[in-house]
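# Chains, contacts and geometry: an overview
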Amino acid sequence: VLMSNAGFSSSSYVGDLLQAQPIKEQSNVDMETQSCSFSSQLVPESKGLSKQIASVPFGLLFTPFQVQCGEALRKPPSQCSQCSAYVNCFSSVVFNRDHSASWTCSFCGTVNTYLQASEGLQIGEPQREHFMELMQSEVDFIDPLQQPFVSRGSSPPFYMFLVDGNITKADMQDLARTLTHILKELPEGCHVGFISFTTILSLYETTCGDHVSCEVYSGLNILEEDEIEVLRSQRQKFIAPIEVARKNVISIVHYIAHAAEEKLPGQKNSNQQRAFGSAIHLALQLGKTLDSEHSHGGHIISILNGCPNYGLGGVLESFSQEQEIDYRVDEATKFYRNQAQLARRNNITVDLYCVGLQSFRVRVLQNLVLSNGGSVLLVKEFADSQLLENMQLGIRRSGGRRNGSFDIRM
Ligand SMILES: [Zn+2]
């Protein structure tokens, strides 16, 4: 790594170094394949300007023996269901007429379904030559669903809060204070919904002013299509204009805080259950048709105090039987990837605020957020102002303005 702190006298010096034209603004720089990359992609236009900012350090990252690889495949690699090995040039593949394919694992002999067989190969019969991973000994995969995405849209038309019903009384009171601030800052004209989840899902009416009212469902399975239809037909009850919802959401949080259990000193969270998967599914199903004419999308803000562990999308925090937990992680990953795709298609951003020092299985949860511009944020405690600060940044960011990154304290 070479670092220059002296500033540079002209942009052609940099140009010579790279044997390229002087750069004013270089976009689409692929950091993966460049052996040379700058700490800044903006270079002063004139000598005068470069003198003025000479105190700003300018760095160059140089990788002398970087292997230049070909174009990466934009899909996840197929993995053996038995031993997790990747499909490769030694795998034998059988292509079927319906564009499906199966491949035999070269390590354990398991026959697997080839999920990507039909991708980009709608015309003509798929052949081995069409699959780079079957032809070359080395290929790069970029999984589109694991790539961070930045939304460029204007403020989304709705915000849906998903709150873990296992949050203790004191923490819920702190959360109520945080949400009061957040609701004040939501843009005029938006709509707001609220769902809480334990083993059951509670979908609250955010239009009721004088009392708290909610629909209750089992969280073990996702809602049936006809139940969703009924809810969609009356969704103005659940996703209210901000002017009304501002006061009501706070009453709901105070109501939950009132009903929540006090945490005794030294008490563990082990008996808490979270049907987060069913909750996110319900939020997406309700949100996706809120304003079908405008694809401004929405923003789902989820707050958890432990790992999802009930129903679909549940993974256990600890479990004695290894195989069972592997199965649950795989199933949950698949489930969240499907939900992420649905969110992405409807321009809905999903943010997860995981509060506490439990294991949240971020590697599983990030499948839900990365492709739609969301994040998984770990925060130490509800009383910490960091939760509010990051939530404020998260809301502004999903509004399309990239004026802030999250603040993470170690
Ligand atoms: Zn295998």
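Residues numbered from 1 in each chain as written. Predicted model: local features only at pLDDT ≥ 70, side-chain atom pairs only at ≥ 80, totals over all residues. Heavy atoms only, no water.

- In the annotation of an unreviewed UniProt entry, the protein chain is listed under the name Protein transport protein SEC23 and assigned to Vannella robusta.
- Here the protein chain is described in UniProt, under the heading Sequence similarities (unreviewed entry), as follows: "Belongs to the SEC23/SEC24 family. SEC23 subfamily." (UniProt positions renumbered as here; feature names shortened; annotations may be inferred.)

## Description of the environment of D140
- By secondary structure assignment, the location of D140 is in the loop between α3 (132–135) and β7 (158–164).
- Placed 65 residues apart in sequence, D140 and K75 show a C-alpha to C-alpha distance of 9.7 Å. (Helix = DSSP H or I, 4+ residues; strand = E, 2+ residues; numbered from the N terminus.)

## Quick notes on the pairing of strand β4 (residues 92–95)
- Both β4 and strand β5 (residues 101–104) contribute to a ladder of 4 bridges, which runs antiparallel. Its bridge partner being in β5, V94 is matched across the sheet by S102.
- Hairpin connection from β4 to β5: 5 residues lie between these consecutive antiparallel strands, with H99 at a positive phi of about 70°. (Pairing = 2+ DSSP bridges.)

## A look at the UniProt feature "domain: Zinc finger Sec23/Sec24-type" (unreviewed entry) in the protein chain
- On the UniProt side, "domain: Zinc finger Sec23/Sec24-type" (unreviewed entry) is annotated at positions that read residues 77–113 here.
- Between the end C-alpha atoms of residues 77–113 the distance is 12 Å, and the span holds 0% helix and 30% strand.

## Digging into the sheet that holds β4
- One open sheet accounts for 3 strands, arranged β4-β5-β6; its pairing is antiparallel. Across the chains shown, the open sheet's two edge strands, defined by having one partner strand only, are β4 and β6 (111–114). Averaged over all neighbouring strand pairs, the angle between strand axes comes to 25°, with direction disregarded. (Axes fitted to C-alpha atoms, helices over the stretch in contact; angles between N-to-C directions.)

## Considerations on the confidence of the model for the protein chain
- With 75% of its residues at a pLDDT of 70 or more, the protein chain has an overall mean of 79.
- In this model, residues 1–29 is a region of pLDDT below 50 whose contacts with residues beyond four sequence positions or in other chains number 44 contacts.
- Confidence drops under a pLDDT of 50 for residues 400–404, and excluding neighbours within four residues, the segment shows 9 contacts in the predicted structure. (pLDDT = per-residue confidence, 0-100. Contact = heavy atoms within 4.5 Å.)

## Here's the deal with the coordination of the zinc ion
- Coordination of the zinc ion by the protein is provided by C80 (SG), C83 (SG), C105 (SG) and C108 (SG), with metal-donor distances spanning 2.3 to 2.4 Å.
- All donors to the zinc ion come from one chain, and their sequence spacing reads C-x2-C-x21-C-x2-C. A residue pair is termed long-range when its members are at least 10 positions apart, and C80 in the loop between β3 (58–62) and β4 and C105 in the loop between β5 and β6 qualify at 25 residues.
- You can call C80 buried: its relative accessible area is 3%. (Donors = N, O, S within 2.8 Å, 3.2 Å for Na, K, Ca; no water. Buried < 20%, exposed > 50% of the residue type's maximum accessible area, 1.4 Å probe, protein only.)

## Description of the pattern of salt bridges
- Going through the model one piece at a time under the given rule, you end up with 8 salt bridges.
- E188 is the salt-bridge partner of R246, the closest N and O atoms lying 3.3 Å from each other. Of this pair, R246 sits in helix α6 (residues 242–259) while E188 sits in the loop between α4 (169–185) and β8 (191–197); the two residues are 58 residues apart in sequence, bridging distant segments of the chain.
- We classify R246 as partly exposed; its relative accessible area is 23%. (Salt bridge = Lys/Arg side-chain N within 4 Å of Asp/Glu carboxyl O.)

## Things to note about the nonpolar core
- If you look at the biggest cluster of nonpolar residues, it comprises 43 residues, and the most contacted ones within it are M160, L162, F276, I280, L282, I300 and L352.
- Here this core takes 7 residues from helix α7 (residues 276–288), the largest share from any one element.
- Among the nonpolar cores identified, the runner-up in size contains 35 residues, and L175, A176, I242 and I395 belong to it. (Core = buried A, V, L, I, M, F, W, Y, C linked by side-chain atoms within 4.5 Å.)

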